[in-house]
Amino acid sequence: MAVASMVCIQLGAAASVELADPIGAGGVAWLRLTCAAVVLAVVVRPWRGSLTRSALRTCVALGVVTAGLGVLFMAAVVRLPLGTASALEFLGPLGVAVGRGSRAGRAWAIVGAAGVLALTEPWHGVTDLPGVAFALAAAGCWACYIALTQRVGDEVAGLRGLAVSMPVAAVVATPLMGPTVIGRLDGELLAVGFGLAVLTPVVPFSLELLALRRLTAAAFGTIMSLEPAIALLVGFAVLDQSLPPGAVAGIVLVVAAGIGAERTGARDDAGTDADPGLAPTAL
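Remember, it's a predicted structure, so these values are computed and weren't measured experimentally.

Chemist: Would you mind showing me how to read the overall build of the protein here?
Modeler: Across its full length, the protein holds twelve helices and zero strands. Ordered by position from the N terminus, the helices and strands of the protein form the series α-α-α-α-α-α-α-α-α-α-α-α. Residue burial in the protein is summarised as follows: out of 283 residues, 54% are buried. Relative to all contacts within the protein whose residues are 6 or more apart in sequence, the contacts with residues 24 or more apart total 88%. Summed over all atoms, the accessible surface of the protein reaches about 11,700 Å², with 68% contributed by carbon and sulfur.

Below, the structure is given as C-alpha cells:
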C-alpha cells in the first residue's frame, strides 16, 4: 500500500508536467489543490462537529504550507527531471529524520549532501538554478508539512484535518495562481483536475493510513525513502526522461540517506496513526 501510494503521487506529478504547457506550473498546482479541496469537502464533510482553536490554527498553518509545497514542487518539476526534483525535495523529510536521530544518525546528512552534489553537478555550471531553488524551497515546506501533519494527526481524527487544510491551501493559492486558470476552465480541464486530485492526494493519503495501521513509523518511513527512486522510474517510463550515471548515483545516495536517517530517527512519543511518515500526501 505504501508503494502504491508513492506510485500514485509520482504518476500524478508526471501527468501534471504534461498539463503545465497550456496553463503553467502554478495553474496546475492551483487546479490540483482546488479540486482536491472539493473532493475532500464532499467526501469528509469537515464542518460536522467542532475543532478546538489549537486544532483549527494547526489546520490553517498546514493549509498554507501545503499551498507552498504544491506550487513550489510544480515549479521545480517543469524545470528539472522528475527524479532530480523529487530527490532534492526529499531533503526536507531527510532533514527532519536526521534531526530526530542520534548523533550517529546525523552522519546520514553527509550522505544526503553528497547525493545532492551528484544530482546538481554544480561544477559543470549547467544546472537549472531556479529549478533547484524551487525544489529546495519545496523541501523546506515538506519539513514543515511533516511537523504540522503530526500535530493535526494528534488533534484531529481521520481525514478531517486534511479536509480542513486543503481548502485553506486552495484559498491561499487562488490570488496568485487562480487568475491564470479560471478563465480557461472548461469541462475537459475540470475532469483532468479532479482526476489528478483523486490520484494525488486522496488515494495516496487513504493508502498511507491503511499502511500506517500495519507498519511501525520507522518501517513506513524506510519504505517511503524509496520515493526518489520511484520518481526516477516514472520520469523515465512516462516522461521519457533519462539521467546521467552521476545523477542516478546521487538519487541512490539520497535514498540511502533517507533509509539510514529514518531508521535512527523514528518517532517514539506517539502511535503510528499520528505519524504521517515521509509521504507528501498533499502535493
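Once the structure has been displayed, the description carries forward.
Chemist: Would you take a moment to explain the side chain of S86 for this structure?
Modeler: The topology assignment puts S86 in helix α3 (residues 82-89). Residue class for S86 comes out buried when judged on its relative accessible area of 3%. Excluding its chain neighbours within four sequence positions, the residues that come into contact with S86 are Q10, F73, P228 and A231.

Chemist: Any chance you could explain the packing of α3 against helix α11 (residues 227-239) here in plain terms?
Modeler: To characterise two packed helices, one gives the angle between the axes of the helices and the distance between these axes. Where α3 meets α11, the axes come as close as 7 Å, and the angle between the chain directions of the two elements is 165°. It follows from the interaxial angle that α3 and α11 lie roughly antiparallel. Between α3 and α11 lies a crossing whose hand is right-handed. Together, L82, G83, S86 and A87 of α3 and P228, A231, L232, V234 and G235 of α11 make up the contact between the two elements. Across the contact of α3 with α11, the residue classes break down as six nonpolar, three polar and no charged.

Chemist: It is not clear to me how the confidence of the model for the protein should be interpreted in this structure. Could you clarify?
Modeler: Low-confidence regions, as indicated by low pLDDT, have predicted coordinates that should not be scrutinised in detail. Here the protein averages 81 in pLDDT, while 84% of its residues score no lower than 70. Confidence scores differ between elements of the protein, with helix α10 (residues 217-224) showing the lowest mean pLDDT of 68 and helix α2 (residues 53-77) the highest of 93.

Chemist: It is not clear to me how the side chain of Q10 should be interpreted in this structure. Could you clarify?
Modeler: One can find Q10 in helix α1 (residues 2-44). Taking relative accessible area as the criterion, Q10 reaches 2% and is therefore assigned buried. The contacts of Q10, once residues within four sequence positions are left out, are L82, S86, E227, I230, A231 and V234.

Chemist: Is there a simple way to think about the environment of A14 in this case?
Modeler: Assignment of secondary structure puts A14 in helix α1. Sequence-distant contacts of A14, that is, excluding residues within four places in its chain, are made with L82, V234, V238 and L239.

Chemist: Any chance you could explain a nonpolar patch on the surface here in plain terms?
Modeler: The grouping of V38, V42, V43, I182, L185, L190 and F194 at the surface amounts to a nonpolar patch, some 570 Å² of accessible area in total. Elements that contribute at least two residues to the nonpolar patch include exactly α1 and α9 (187-212). Top contributing element to the nonpolar patch by residue count: α1, with three residues. Its location among the elements puts I182 in helix α8 (residues 179-182). Judged by relative accessible area, which is 46%, I182 ranks as partly exposed.

Chemist: Even after reading the chapter, I still don't get the packing of aromatic side chains, so can you show me in this structure?
Modeler: Describing an aromatic ring pair means giving the distance of the ring centres and the angle of the ring planes. Evaluation of the coordinates by the stated rule reveals one aromatic pair. Taking the centre distance of 6.0 Å and the plane angle of 70° together, the rings of F90 and W142 count as edge-to-face. Here W142 lies in helix α6 (residues 129-155) and F90 lies in the loop between α3 and α4 (91-100), a separation of 52 residues in the sequence. Per residue, the accessibility class of F90 equals that of W142, and both read buried.

Chemist: Whenever I open this one, unusual backbone geometry confuses me. Can you help?
Modeler: Comment: phi is negative for the bulk of residues other than glycine, and the bulk of peptide bonds are trans. The phi angle at R45 is positive, at roughly 50°, despite the residue not being glycine. Relative to the helices and strands, R45 resides in the loop between α1 and α2. Relative accessible area serves as the criterion here: at 39%, R45 is assigned to the partly exposed category. Of note, D240 is a non-glycine position whose phi angle comes to about 60°, a positive value.

Chemist: Would you explain the packing of α2 against α3 in this entry?
Modeler: It is at 9 Å that the axes of α2 and α3 come closest, and there the two elements cross at 140°. Taken together, the axes of α2 and α3 are oblique relative to one another. Where α2 crosses over α3, the handedness of that crossing is right-handed. Across from L69, F73, A76 and V77 in α2, the residues of α3 making contact are L82, A85, S86 and E89. Per-class residue counts for the contact of α2 with α3 are six nonpolar, one polar and one charged.

Each value, and the rule that gives it
Residues numbered from 1 in each chain as written. Predicted model: local features only at pLDDT ≥ 70, side-chain atom pairs only at ≥ 80, totals over all residues. Heavy atoms only, no water. Helix = DSSP H or I, 4+ residues; strand = E, 2+ residues; numbered from the N terminus. Buried < 20%, exposed > 50% of the residue type's maximum accessible area, 1.4 Å probe, protein only. Contact = heavy atoms within 4.5 Å. Areas by Shrake-Rupley, 256 points an atom, 1.4 Å probe, with all protein chains shown as cover. Axes fitted to C-alpha atoms, helices over the stretch in contact; angles between N-to-C directions. Parallel < 35°, antiparallel > 145°, perpendicular 65-115°, else oblique. Left-handed = near helix turned anticlockwise from the far one by under 90°. Nonpolar A, V, L, I, M, F, W, Y, C, P; charged D, E, K, R; others polar. pLDDT = per-residue confidence, 0-100. Patch = residues over 30% accessible without salt bridge, like charges linked within 9 Å, V, L, I, M, F, W, Y side chains within 5 Å. Salt bridge = Lys/Arg side-chain N within 4 Å of Asp/Glu carboxyl O. Phe/Tyr/Trp six-rings, centres within 6.5 Å; stacked < 30°, edge-to-face > 60°.

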